[in-house]
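Residue strings, one per chain:
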Amino acid sequence: LDGLRGLAMLLGIVLHASLPYCSRLAGIEHVWPADDDQSLLLLLVFDFIHIWRMPVFFLLAGFFAHLVLERRPESAFAADRLRRIALPRGFAGSPTPRTGSTSSTSPSWRSRRSPSPTSTGGAGSSS
């Protein structure tokens, strides 16, 4: 099972490395850089990996959690989760900024972009 987890992690590298070469075909070039050479084959590889990779991680996590619960009491499981997840998170904080929306489609993100030549008003115009 560790081999399956390792394979899924390595395929994550393939998945993210293929994005610049298929992002325009997938319609996500506004959130991921796009190369001029786009590949339908890489888009198919991306879709294949993307469909099953994260569900495999969740399945493995549930399987290993079940194994631990079979061997230890629930209190030991909860204490282990607190030590391995909550403690580092509390120490290091959240990796997500807490100042507003982080969505690439939010109006605040659009207003920080350079204004288009046809725009009137907004952040880049002078009155």
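Just so it is clear, the model here is predicted, and its values are computed rather than measured.

The biggest cluster of nonpolar side chains holds six residues, and these are Leu-15, Leu-19, Cys-22, Leu-43, Phe-46 and Ile-49. For this core, the element with the most residues is helix α3 (residues 40–71), which contributes three residues. Once residues lying within four places of it in the same chain are set aside, the contact partners of Cys-22 are Gln-38, Ser-39, Leu-42, Leu-43 and Phe-46.

To continue, consider a nonpolar patch on the surface. There is a patch of nonpolar side chains on the surface, built from Leu-1, Leu-4, Leu-7, Phe-63 and Phe-64 and spanning about 430 Å² of accessible area. Where the nonpolar patch is concerned, the elements lending two or more residues are α1 (2–18) and α3. Secondary-structure assignment places Leu-1 in the segment before α1.

Glancing now at α1. Relative to the 24 Å expected for 17 residues at 1.5 Å per residue, α1 spans 25 Å between its end C-alpha atoms, a close match to the ideal helical length. Of the positions making up α1, those classed as buried are Ala-8, Gly-12, Leu-15 and Ser-18. For α1, the buried positions fall inside an angular range of 130° around the axis, keeping them on one side. Turned more than 90 degrees off the buried face of α1, the exposed positions are Asp-2, Gly-3, Met-9, Leu-10 and Ile-13.

To continue, consider the side chain of Arg-53. Take Arg-53: it is sitting in helix α3. No salt bridge is formed by the buried Arg-53; the nearest opposite charge belongs to Asp-47, separated by 12 Å. Excluding its chain neighbours within four sequence positions, the residues that come into contact with Arg-53 are Ala-8, Met-9, Leu-11, Gly-12, Leu-15 and His-16.

Our next topic: the pattern of salt bridges. Here the idea is simple: oppositely charged side chains can pair when their charged atoms come close. Going through the model one piece at a time under the given rule, you end up with three salt bridges. Here Arg-5 and Asp-2 are joined by a salt bridge, their closest N and O atoms 3.3 Å apart. With Arg-5 and Asp-2 both in helix α1 and three residues apart, this pair spans about one turn of that helix. Arg-81 is paired through a salt bridge with Asp-80; the nearest N and O atoms lie 3.1 Å apart. For Arg-81, a relative accessible area of 30% puts it in the partly exposed group. Overall, Asp-80 belongs to the buried group, its relative accessible area being 12%. Within the structure, one salt-bridge network assembled from shared partners comprises Asp-80, Arg-81 and Arg-83.

Definitions and limits used
Numbers given for residues are sequential positions, taken from 1 along each chain in its written order. Reporting in this predicted model follows two pLDDT cut-offs: at least 70 for local features of residues, and 80 or more for side-chain atom pairs to be given and counted; totals over whole chains, interfaces and linings ignore these cut-offs and use all residues. The side-chain values count all of the structure's non-hydrogen atoms but skip hydrogen atoms and water molecules. Grouping buried Ala, Val, Leu, Ile, Met, Phe, Trp, Tyr and Cys residues that are joined through side-chain atoms within 4.5 Å yields what is termed a nonpolar core. Each residue is placed in one exposure class: buried if its accessible area under a 1.4 Å probe, protein chains only, is under 20% of its type's maximum, exposed if it is over 50%, and partly exposed if it falls in between. Secondary structure elements follow DSSP: runs of H or I of four or more residues count as helices, runs of E of two or more count as strands, with numbering from the N terminus. Contact definition: two residues touch when any of their heavy atoms are within 4.5 Å. Within the patch definition used here, like charges are joined within 9 Å and nonpolar side chains (Val, Leu, Ile, Met, Phe, Trp, Tyr) within 5 Å, considering only residues with over 30% relative accessible area and no salt bridge. All accessible-area figures derive from a Shrake-Rupley calculation using a 1.4 Å probe, and residue coverage is judged against the displayed protein chains alone. By salt bridge we mean one thing: a side-chain nitrogen of Lys or Arg within 4 Å of a carboxyl oxygen of Asp or Glu. By this rule, a helix spans an expected 1.5 Å times one less than how many residues it contains. Note that the arc is computed from the directions linking the helix axis to the C-beta atoms. Charged residues are defined narrowly, with Lys and Arg counted positive, Asp and Glu counted negative, and His plus the chain ends left uncounted.

Read these as layout, nothing more, since geometry by itself doesn't imply function.
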